[in-house]
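Tertiary structure, described
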There are 2 protein chains.
Amino acid sequence: MASLRKTDRRTEDEAHIEAPDLEEFIGYNLKRAYVIVQADFRRALGEDGFAPRVFSALSLVVQYPNVTQSGLARMLGIERSGLVAIVDELEGRGLIKRTNVPGDRRVQALVPTAKGKTSYVEARAVVRAHEDRLLSNLSTEEKATLLTLLGKIRSHED
Amino acid sequence: MASLRKTDRRTEDEAHIEAPDLEEFIGYNLKRAYVIVQADFRRALGEDGFAPRVFSALSLVVQYPNVTQSGLARMLGIERSGLVAIVDELEGRGLIKRTNVPGDRRVQALVPTAKGKTSYVEARAVVRAHEDRLLSNLSTEEKATLLTLLGKIRSHED
DNA sequence: TATTGTTATACTCTATAACTATA
DNA sequence: TATAGTTATAGAGTATAACAATA
């Protein structure tokens, strides 16, 4: 990806533009930053590693065992129809199980397997290493500030 | 979108989890924040309004007239094949024109039309209003800090 | 040989709508 | 009537590979 700051032969006559309008927009900067982080995430997790959303789903199943699919979809902010493929993948890999809930036969509670728990802990270490490396030009305080500010945007969730 | 902090009937026994692992990850928070901002962007621009990437492309053509498609793709961080549909849309709406460049007949320089320039200025006002409204719980200083921190992540571009 | 714009194609992510089995 | 999980389907957005025209 090329920086907007680079000079293009045909735009030299526009060199007086200090910073393009786009750079002032939070949304544009969020998108560009997210593209970098998720690409590095995929690189770090490898060819057969978890996609970001699969990692997120596994994380929540491990930490909220017996969560329902609808509940998980709500937590992730996606439709429950979109969760089926994710749960299929995790179950196919033997990392979680769909289990029946006594008292409500509509529900499939999701529980991590032993393998799922260890896989998650391993993957979490890889993800932490990826973020530590990629964001090494941010101080601990800056990272905390970034989380706080993103949290303010996320306060609009629901 | 439901907050992770909300209690689910089946996860009440996990209430001792202070904050899910996911919340510590910059990537996850970036994604969630971006989803909110881009959804509000689309709502603000309306049914027939610009999609974010189309707005971005128009912005750059207005500010860098005579930019080539390859140059624009580089600036936006996407493949030049992906730019064709965007330029088609903008040209179809009469907002930009593909023009021949004397001296290199491979190149299509992109220039905004008069309508394109005024449409851009109008859209930019709508986008600014959308961000001002959506991010009104962030101070001017916090917004500047956020841009700075996102810029540090974006320093990995290229 | 390399580059520009283009097409064809495929893949990921996500949403909507409708179905079924339960409640 | 409403809800949980599922399926079918479609639409963005993006990437890769190949091609013709031109450099």
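As annotated in an unreviewed UniProt entry, chain A carries the name MarR family transcriptional regulator and comes from Marivita cryptomonadis.

A few words on the interface of chain B and chain A. Taken residue by residue, the interface counts 69 residues in chain B and 69 residues in chain A. Here chain B meets chain A over a buried area of about 7,300 Å², counting both sides, of which 61% is carbon and sulfur. Summed over the shared surface of chain B and chain A, the result is 10 salt bridges. Glu-142 of chain A is the partner of Lys-152 of chain B in a salt bridge, and the nearest nitrogen-oxygen pair spans 3.1 Å. Put simply, chain B and chain A have 30 residue pairs in polar contact (both at pLDDT 80 or more) between them. Put simply, the parts of the chain that give the side of chain B that touches chain A at least two residues each are helix 1 (26-45), helix 2 (52-63), strand 1 (67-68), helix 3 (69-76), helix 5 (114-134) and helix 6 (140-154) of chain B. If one sorts the elements of the side of chain B that touches chain A by residue count, helix 1 of chain B sits on top with 11 residues. Taken together, the residues of the side of chain B that touches chain A sort by class into 34 nonpolar, 15 polar and 20 charged.

All right, on to the packing of aromatic side chains then. Residue and element names in this part refer to chain A. Per the stated rule, a full pass over the model turns up 6 aromatic pairs over all chains. Seen from their ring centres, Phe-41 and Phe-55 are 5.9 Å apart, and the 65° between their planes marks the pair as edge-to-face. With a gap of 14 residues between them, Phe-41 in helix 1 (residues 26-45) and Phe-55 in helix 2 (residues 52-63) connect regions that are remote in the sequence. Like Phe-55, Phe-41 is buried.

With that out of the way, let us pick up the sheet that holds strand 2 (residues 96-100) of chain A. Residues and elements named next belong to chain A. If you walk across this open sheet you meet the 3 strands as 1-3-2, and the pairing is antiparallel. Of all strands in the sheet, those with a lone pairing partner are strand 1 (67-68) and strand 2, marking the two edges. Bridge count for strand 1 against strand 3 (residues 108-112) is 2 bridges, and the pairing is antiparallel. Paired with Thr-68 across the strands is Ala-109, a residue of strand 3. Here helix 2 sits on the sheet and contacts strand 1, strand 2 and strand 3; the angle it forms with strand 3, its principal contact strand, is near 90°.

All names here are of chain B. Over its 20 residues, helix 1 runs 28 Å from end to end, which matches the ideal 28 Å to within 8%, given 1.5 Å per residue. Buried residues dominate helix 1, accounting for 14 of its 20 residues. Note on helix 1: the residue one or two positions beyond its end, Gly-46, has a positive phi of about 85°.

Moving on to the protein's contact with DNA strand D. The environment of DNA strand D is made up of 21 residues, and the closest members are Gln-69 and Ser-70 of chain A together with Arg-42, Ser-81 and Arg-105 of chain B. Looking at DNA strand D alone, sugar and phosphate atoms form 66% of those within 4 Å of the protein. One of the side-chain N or O atoms of Arg-106 of chain A is found 2.9 Å from a base oxygen in DNA strand D. Within the backbone of Gln-108 of chain A, one N or O atom sits 3.0 Å away from a phosphate oxygen of DNA strand D. Here the residues of the surface near DNA strand D are counted per class, giving 4 nonpolar, 7 polar and 10 charged.

Before going further, it helps to spend a moment on the environment of Leu-90 of chain B. All names here are of chain B. Considering the arrangement of structural elements, one finds Leu-90 in helix 4 (residues 80-92). Between the C-alpha atoms of Leu-90 and Glu-23, which are 67 residues apart in sequence, the distance is 39 Å. Leave out the neighbours within four places in its chain, and Leu-90 touches Phe-50, Val-54, Ala-57, Leu-58, Leu-95 and Ile-96.

Reading the values: the criteria
- Residues numbered from 1 in each chain as written.
- Chains lettered and ligands numbered in written order.
- Predicted model: local features only at pLDDT ≥ 70, side-chain atom pairs only at ≥ 80, totals over all residues.
- Heavy atoms only, no water.
- Contact = heavy atoms within 4.5 Å.
- Buried area = accessible area lost by both parts, 1.4 Å probe.
- Salt bridge = Lys/Arg side-chain N within 4 Å of Asp/Glu carboxyl O.
- Polar contact = N/O pair within 3.5 Å; in protein donor to acceptor, adjacent residues only side chain to side chain.
- Helix = DSSP H or I, 4+ residues; strand = E, 2+ residues; numbered from the N terminus.
- Nonpolar A, V, L, I, M, F, W, Y, C, P; charged D, E, K, R; others polar.
- Phe/Tyr/Trp six-rings, centres within 6.5 Å; stacked < 30°, edge-to-face > 60°.
- Buried < 20%, exposed > 50% of the residue type's maximum accessible area, 1.4 Å probe, protein only.
- Pairing = 2+ DSSP bridges.
- Axes fitted to C-alpha atoms, helices over the stretch in contact; angles between N-to-C directions.
- Expected span 1.5 Å × (residues − 1).
- Near = heavy atom within 4 Å.

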